Amino acid sequence: MNKVKMIWDFRGPNAHPIATHHAKHLEEYAIAENLPDWDIGVSLVSEMHSIAYFIVPEALVPELRTALKPNRGQRYQED
């Protein structure tokens, strides 16, 4: 199954706590919408840049892109 990593970028001195907070809202959304096969997380890119991400099946991307408005996305390959 092809997956996509939807990404929200946060920049500035509070980027990491804001990204963490955003990830909690993404998880609440996934549970409320009963979405299948998802993964949510946060990554520290640098001291002033963090991301929240939502990994979903590719088939859900058009619907979620409209509803959640990520900054960007990329194909996701599981290790």
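Just above sits the structure.
Reading guide: rules and limits
- Residues numbered from 1 in each chain as written.
- Predicted model: local features only at pLDDT ≥ 70, side-chain atom pairs only at ≥ 80, totals over all residues.
- Heavy atoms only, no water.
- Helix = DSSP H or I, 4+ residues; strand = E, 2+ residues; numbered from the N terminus.
- Expected span 1.5 Å × (residues − 1).
- Buried < 20%, exposed > 50% of the residue type's maximum accessible area, 1.4 Å probe, protein only.
- Arc of directions from axis to C-beta.
- Contact = heavy atoms within 4.5 Å.
- Salt bridge = Lys/Arg side-chain N within 4 Å of Asp/Glu carboxyl O.
- Core = buried A, V, L, I, M, F, W, Y, C linked by side-chain atoms within 4.5 Å.

### Here's the deal with helix α1 (residues 15-32)
Relative to the 26 Å expected for 18 residues at 1.5 Å per residue, α1 spans 26 Å between its end C-alpha atoms, a close match to the ideal helical length. Where α1 is concerned, the buried positions are Ala15, Ala19, Ala23, Leu26 and Ala30. Seen from one end, α1 has its buried residues packed into an arc of 75°, which puts them on one side. In this structure, α1 carries Pro17, Lys24, Ile31 and Ala32 as exposed residues pointing more than 90 degrees from its buried face. Those residues of α1 that are buried lie in contact with β1 (3-11), β2 (39-46), β3 (49-57) and α2 (61-68).

### Focus: the pattern of salt bridges
In the structure shown here, the tally under the stated rule is 3 salt bridges. Here aspartate 37 ties to lysine 3 by a salt bridge, and the two come within 3.2 Å at their closest N and O atoms. Of this pair, aspartate 37 sits in the loop between α1 and β2 while lysine 3 sits in strand β1, placing them 34 residues apart in sequence. Residue classification places aspartate 37 among the partly exposed residues on the basis of a relative accessible area of 39%. Under the relative-accessibility criterion, lysine 3 is labelled buried at 10%. Between aspartate 9 and arginine 72 there is a salt bridge; the shortest N-O distance is 2.9 Å. Note that aspartate 9 is positioned in strand β1 and arginine 72 in strand β4 (residues 72-76), a separation of 63 residues in sequence. A relative accessible area of 18% places aspartate 9 in the buried class. The exposure class of arginine 72 is partly exposed, given its relative accessible area of 39%.

### Things to note about the nonpolar core
Nonpolar side chains tend toward joint burial in soluble globular proteins. Among the nonpolar cores identified, the biggest contains 18 residues, and Met6, Trp8, Leu26, Phe54 and Leu64 are the most heavily contacted of them. Counting residues per element, the ones that place at least two in this core are β1, α1, β3 and α2. Considering every element that reaches this core, the biggest residue donor is α1, with 5 residues.

In short, geometric facts, not functional conclusions.
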